[in-house]
Amino acid sequence: MPWTASTPKDQLVEFVRLRERIDDLSRALLASATPVFGTVSLPTPNVDASPELAFIRTASWLYSHYKEAGRVSVKFLMDRPAVQNLPEIRAHERLVHALRTWSQHTINPAPGNHDRGILKTCSDWFEEACAALLPSSDEDWRQALNVLLRESCAFVSQLTKQVEDIRADDARAQICQQWEDRIARDWPAYRFHEIVSTVANDMGRNTVDPVALFRRSENEIRKVLRITNESDLEFAARQCIERVLLTEVSKLLPITGRDIIDTLGVEPGQKVGELLQEARKIYEEDQCTRDQLLDRLVPLVGSG
C-alpha cells in the first residue's frame, strides 16, 4: 500500500520530494537542462508555526512555485491535452492564485468587482476544506493547510506524469522543442526594461520611465513574444515597444492642471482646461520636457 502523507509537515515533505523529482526529470529531458521550478525565492514555510500564519505563508510559497519560478513550464504542462480534462488540477492552480491575492491584498467584494470572484473562490474552497466560509480557529486553519498541501501534492504529481508521458511520446523531440521555445520566449523583466530604454532614447523620449511603461504594458508585450513567428525575438520586442511608446506616450502630458495652477499662477477654472488643450497641441508636435512645455504656455496665460 503506498505511503500517504497525513499531517501538514508530512505533506510539505512530500511536496518537496515531488518538486525535486519533476525538476530532475525536466533537466534530463530538455536540452537546456531547465527545471520546471528551480530556485524559489521564498523560504520554505514553517508549518508547525501558528496554523493561520502557516497557511498564509504556504499559499504565497505555492504561488511562487506556480506563477513565478515555474510559470513557463507549469503553464506548458497544464496546456497538455490530458490536463485539459482534469478540472480539479486546473482549479487548484486558480485557487492558489486567489488565496495569495485574498491573503496579501485588500479585497473589495462590491458587485461587479473582480475581487468578488476571488472571495467566492476562496470561501467556497474553505467551506469544503474545513466546513467554514472563513477559518476562525486553529483547527480550521490546520485542516485548511492540510487540504491545501494535499492538493498541491496531487497537482505536482499530475505535472510529473505529463513530463513522464512526454518522455515516452513518439513526438518527444517535437514536444520538447515546443517546450524549449516557450522557455526561450519568457524573458526576465530587466531585458524588456533595457529595450524600452533604448527605444525611448532612439525616439528622443528620454523622460520615459522604462520600468513603469513595461509594467503598464507587460501583458501586451509578452503576448507578442509568445505568438510571433519572428525568429529575432529582440526585433519583435522592439517593434511592439515602439508601437506602445507611440500610442501610450502620446496620451500622457508631462504636466497636469495642478502644474498650470501652481507654476503659472492660473486660478482653478475654465482657463486651466483651455491651457491643457493648448499643451496637448504643442506636445503632439514636439515631445518637449515639462519645463519647456510650461514655458511655452506662459504667453497664453494672459490671452483670452
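Residues numbered from 1 in each chain as written. Predicted model: local features only at pLDDT ≥ 70, side-chain atom pairs only at ≥ 80, totals over all residues. Heavy atoms only, no water.

Right, let's talk about the overall build of the chain for a bit. The number of helices and strands found in the chain is 14 helices and zero strands. In the chain, the succession of α and β elements from N to C terminus is α-α-α-α-α-α-α-α-α-α-α-α-α-α. Based on the C-alpha atoms only, the size of the chain along its principal axes is roughly 90 × 50 × 30 Å. Counting only residues that meet the buried cut, the chain has 42% of its 304 residues in that class. Residue pairs at least 24 apart in sequence account for 65% of intrachain contacts in the chain once pairs closer than 6 positions are excluded. Of the roughly 16900 Å² of accessible surface on the chain, 49% is carried by carbon and sulfur atoms. With 38 positive and 46 negative side-chain charges, the chain shows a spacing of 2 Å between the two charge centroids. (Helix = DSSP H or I, 4+ residues; strand = E, 2+ residues; numbered from the N terminus. Buried < 20%, exposed > 50% of the residue type's maximum accessible area, 1.4 Å probe, protein only. Contact = heavy atoms within 4.5 Å. Areas by Shrake-Rupley, 256 points an atom, 1.4 Å probe, with all protein chains shown as cover. Lys, Arg positive; Asp, Glu negative; His and termini not counted. Charge placed at Lys NZ, Arg CZ, Asp CG, Glu CD.)

Angle between the axes and distance between the axes are the two parameters that describe a pair of packed helices. Interaxial distance between helix α2 (residues 51–69) and helix α7 (residues 138–168) falls to 8 Å at its minimum, and their mutual angle equals 20 degrees. Taken together, the axis directions place α2 and α7 in an arrangement best described as roughly parallel. Handedness of the α2/α7 crossing: left-handed. Contacts between α2 and α7 involve P51, E52, A54, F55, T58, A59, L62 and Y66 from the former and D138, W141, R142, A144, L145, L148, L149, S152 and F155 from the latter. (Axes fitted to C-alpha atoms, helices over the stretch in contact; angles between N-to-C directions. Parallel < 35°, antiparallel > 145°, perpendicular 65-115°, else oblique. Left-handed = near helix turned anticlockwise from the far one by under 90°.)

Mapped onto the fold, Q162 is located in helix α7. Under the relative-accessibility criterion, Q162 is labelled buried at 1%. Discounting chain neighbours no more than four positions away, the residues touching Q162 are L77, R80, A82 and V83.

Within the secondary structure, G273 sits in helix α13 (residues 270–285). Between the alpha carbons of G273 and V13 there is a distance of 63 Å; along the sequence they are 260 residues apart.

What follows covers the confidence of the model for the chain. Note: predicted coordinates in regions of low pLDDT should not be interpreted at a detailed level. Residue-level pLDDT values for the chain average 91, and 97% of them are 70 or greater. For the chain, per-element mean pLDDT is lowest for α13, which scores 88, and highest for α7, which scores 97. (pLDDT = per-residue confidence, 0-100.)

Time to look at the pattern of salt bridges. Scanning all chains against the criterion turns up 22 salt bridges. Across the salt bridge formed by R27 and D24, the nearest N and O atoms sit 3.5 Å from each other. A residue pair is termed a helical-turn pair when its members lie 3 or 4 positions apart in one helix, as R27 and D24 do in helix α1 (residues 8–29) at three residues. In this structure, D165 engages K161 in a salt bridge whose closest nitrogen and oxygen atoms are separated by 3.0 Å. With D165 and K161 both in helix α7 and four residues apart, this pair spans about one turn of that helix. On the accessibility criterion, D165 (31% relative accessible area) is partly exposed. The class of K161 is partly exposed, set by a relative accessible area of 40%. Each of R71, D186, E218 and R222 takes part in one network of salt bridges that share partners. (Salt bridge = Lys/Arg side-chain N within 4 Å of Asp/Glu carboxyl O.)

All right, on to the side chain of R80 then. Structurally, R80 can be placed in the loop between α3 (71–78) and α4 (81–84). Buried charge without a salt bridge: R80, with D169 as the nearest opposite-charge side chain at an N-O distance of 4.2 Å. With residues near it in sequence (within four places) discarded, R80 still touches Q162, I166, D169 and I175.

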